[in-house]
Amino acid sequence: MTALGALRVPEELAARVPVEQRSGGASGRDGVRLLVGRRAGGEVAHHVFGDLPELLRAGDVLVVNTSRTLPAAVDATLGEAPVVVHFSGLLDDGRWVVELRTPDGRGTTRPRAGGPAGLAVALPGGERLVPQEPLSPCGERLWVARASVADAMAFLHRHGRPIRYAYTERDQPAAAYRTVFSVPESTAWLVNAARAGGGRVVAVGTTAVRALETAADARGRVAAAGGWTDLVVTPERGVRAVDGLLTGLHDPAASHVLMLEAVAGRQLLERVYDAAVRAGYLWHEFGDVNLLLP
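Residues numbered from 1 in each chain as written. Predicted model: local features only at pLDDT ≥ 70, side-chain atom pairs only at ≥ 80, totals over all residues. Heavy atoms only, no water.

Student: Can you walk me through the overall build of the protein in this structure?
Tutor: Helix and strand counts for the protein come out as seven helices and 13 strands. Computed over the C-alpha atoms, the radius of gyration of the protein is 20 Å, within 12% of the 19 Å expected from 2.2 N^0.38 for a compact globule of 294 residues. Counting only C-alpha atoms and orienting by the principal axes, one finds that the protein spans roughly 60 × 40 × 35 Å. Here the protein holds 294 residues, and 44% of them are scored as buried. Put simply, the protein shows about 14900 Å² of open surface, and 52% of that area lies on carbon and sulfur atoms. (Helix = DSSP H or I, 4+ residues; strand = E, 2+ residues; numbered from the N terminus. Rg over C-alpha atoms; globule rule 2.2 N^0.38 Å. Buried < 20%, exposed > 50% of the residue type's maximum accessible area, 1.4 Å probe, protein only. Areas by Shrake-Rupley, 256 points an atom, 1.4 Å probe, with all protein chains shown as cover.)

Student: I'm lost on the nonpolar core in this one. Help?
Tutor: Side chains that are nonpolar tend, in soluble globular proteins, to be buried together. The biggest cluster of nonpolar side chains holds 43 residues, and the ones touching the most others in it are Leu212, Val222, Tyr273 and Trp283. Listed by contribution, the elements that provide at least two residues to this core are strand E3 (61-64), helix H4 (185-196), strand E11 (201-204), helix H5 (206-215), helix H6 (256-264) and helix H7 (266-278). Here this core gets seven residues from one element, more than from any other, and that element is H7. Ignoring anything within four residues of it in the chain, the contact list for valine 222 reads Val183, Ala188, Val191, Asn192, Leu212, Ala215, Ala216 and Ala241. Counting residues in each nonpolar core, the second largest holds 19 residues, with Ala72, Ala76, Val149 and Ala152 among its members. (Core = buried A, V, L, I, M, F, W, Y, C linked by side-chain atoms within 4.5 Å. Contact = heavy atoms within 4.5 Å.)

Student: Looking at this structure, I do not really get the pairing of strand E4 (residues 73-78). What am I missing?
Tutor: Taken residue by residue, a regular strand's side chains alternate between the two faces of the sheet. Summarising the sheet, E4 and strand E5 (residues 81-90) pair through six bridges and their orientation is antiparallel. If you follow alanine 73 over to E5, its bridge partner there is histidine 86. (Pairing = 2+ DSSP bridges.)

As structure tokens, this is what we get:
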């Protein structure tokens, strides 16, 4: 078994298009492979996503994120230079957290330093964006900026596209990123009821984990909540409200892996990821799926 830090995922295991495009429409998303790891006993088993109901039991609760991927990448210019603006988040004061990136000529982008402060970025439709300050004194890429657009969501849907990573083959419509998957009162009630009754709380996606863990107290009881969170779920911090996680396969060096380790433990996660590489599972948002259970 390869240690997680030393695991190398071959380039050919990056899923470049959604499964329905890989199969020419012959296979839907229920057909993607599902690698299951159980912390008790360290069991690793191979399934397909359609088997999910059989892997859960009465009393379990799946917590699903119903938000959708925004078309958050917008072509723009900074002076004479083309740039791509990645809109990351809208702050309470109406400003945006953004990242300016340099087009690489292949439909994707490469990192660049943010700013400079005060120099306007020309956006489509005659709008503009003015970077004001770095989001963090320790970083250069994420900046806080003021945009002239009156309706930011309408602007993004008119001029933007989903953020694309270099391992993907081409731009995809927003619908390709839709997964069917703030913590409302009904969700908090169901989570607390499941835990009280001996059921398991399985988060669908890492965002759902952060939302639940932010809203949970030290005993794991969840209250209705909304707003921003800066919580980073690590093995040292652990999880309080979440018992299991259904997610994609992440780069072993990505920060997401710390969250997975908090849920599954280091030993099981190493076994799962080693098995995924050996069996040729596909990585990233268009790839196969991983279910971590207690």
